[in-house]
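What follows is each chain in one-letter form.
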Amino acid sequence: MSNAKPADPAVAGTDSAPLVLPDPWSALRAHTPANIAIGRTGHSLPTREVLRFGLAHAQARDAVHVPLDSARLAADLHAAGWPSITVHSAAADRGADARQTYLCRPDLGRCLSESAALQLDALAAANSAAPDLCVVIGDGLSPVAVQTHARPLLDALRSRWRSAGRNWSASPVVIATQARVALGDEIAERLRARMVLVLIGERPGLSSPDSLGIYATWAPRVGCSDALRNCISNVRAEGLSYPVAAFKLAWLIDEAFRRELTGVALKDESDLVAINAASAP
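The structure displayed is predicted, hence computed values, not measured ones. (Residues numbered from 1 in each chain as written. Predicted model: local features only at pLDDT ≥ 70, side-chain atom pairs only at ≥ 80, totals over all residues. Heavy atoms only, no water.)

**Observations regarding the sheet that holds strand β1 (residues 84-88)**
Strand order in the open sheet made by the six strands is β1-β3-β2-β4-β5-β6, with mixed pairing throughout. Among the strands making up the open sheet, the edge pair consists of β1 and β6 (229-235). The average angle at which neighbouring strand axes cross in this sheet is 20°, direction not considered. Pairing of strand β5 (residues 212-218) with β6 involves five bridges; the strand directions are antiparallel. For Ala216, the partnering residue across the bridge sits in β6 and is Asn230. In the packing of helix α6 (residues 143-164) onto the sheet, contacts are made with β2 (133-138), β3 (173-177), β4 (195-201), β5 and β6, and the angle to β4 comes to roughly 145°. (Pairing = 2+ DSSP bridges. Helix = DSSP H or I, 4+ residues; strand = E, 2+ residues; numbered from the N terminus. Axes fitted to C-alpha atoms, helices over the stretch in contact; angles between N-to-C directions. Contact = heavy atoms within 4.5 Å.)

Listed below in structure tokens is the structure:
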């Protein structure tokens, strides 16, 4: 005669008491990559969700630490008809501790190295006409985002410019490594550009390791505050698509040149333009 106790159905998992209790919001997961409706096992997370969290965390860390392949990015840009040059910030760009220096010294990522400053000064001296726009692609906190999204976004922006008959003069695209957003101010100031666009990898989230941000600044100069910039965020497949981001960016550029300003004084009203166009007879 066995003395074994019958299994507890709440632990063993039966049709009447499943091991993992589903979340009533589970249907919402089809509409967002956010960590919602993850269910529970007793008072804990289901194993699959613990493993998913660990994978997302690893992907976010990799996005920060994997260096930008600037040579491959330059080749991709060249193939698409975007001439470019590559510069470095004052943060170390070589060695095992280079990325650690960049992460611990954000101030160094906001200014150019001496050689980069001389390189840009020489480029500006060789061009008698100052460009309207300077486009800077900075690795930022997610080089993965830049490697993936920068060129397709620029292609979408160029298509929109051409369809609208825009003809802004621009300097070569500047690829900046170990860069923070404010590095674009010094780059554009040295090139004497009227406006700068900084495409940069944003701080990774647990469901967004490859998010690209765009910062637009009128009259860029060293010392510009963030209040003088407009930002378009979350450009990626699961966020803002290239055509939508290009539409918003083109609107901001047009308005910046018309009003000669960016930042808190320039509100993004591009959605109103889209709504009016859709409702027009």
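**Considering unusual backbone geometry**
Note: most residues except glycine have negative phi, and most peptide bonds are trans. Although it is not a glycine, Gln178 sits at a positive phi angle of roughly 55°. As for its placement among the helices and strands, Gln178 is situated in the loop between β3 and α7 (183-191). Non-glycine residue Arg192 carries a positive phi angle of around 65°. The topology assignment puts Arg192 in the loop between α7 and β4. A relative accessible area of 38% means that Arg192 is categorised as partly exposed. (Buried < 20%, exposed > 50% of the residue type's maximum accessible area, 1.4 Å probe, protein only.)

**Notes on the packing of aromatic side chains**
Counted under the stated rule, the structure contains two aromatic pairs. When the centroid spacing of 5.0 Å and the interplanar angle of 85° are considered together, the rings of Trp218 and Phe257 count as edge-to-face. Of the two residues, Trp218 is situated in strand β5 and Phe257 in helix α8 (residues 242-259); the sequence distance between them amounts to 39 residues. One exposure class covers both Trp218 and Phe257, and it is buried. Three or more aromatic residues joined by ring pairs form one cluster here, namely Trp168, Trp218 and Phe257. One residue, Arg180, lies across the ring of Tyr102, its end atom 4.4 Å from the ring centre. (Phe/Tyr/Trp six-rings, centres within 6.5 Å; stacked < 30°, edge-to-face > 60°. Lys NZ or Arg CZ within 6 Å of the ring centre and 35° of its normal.)

The values are spatial; any link to function lies outside them.
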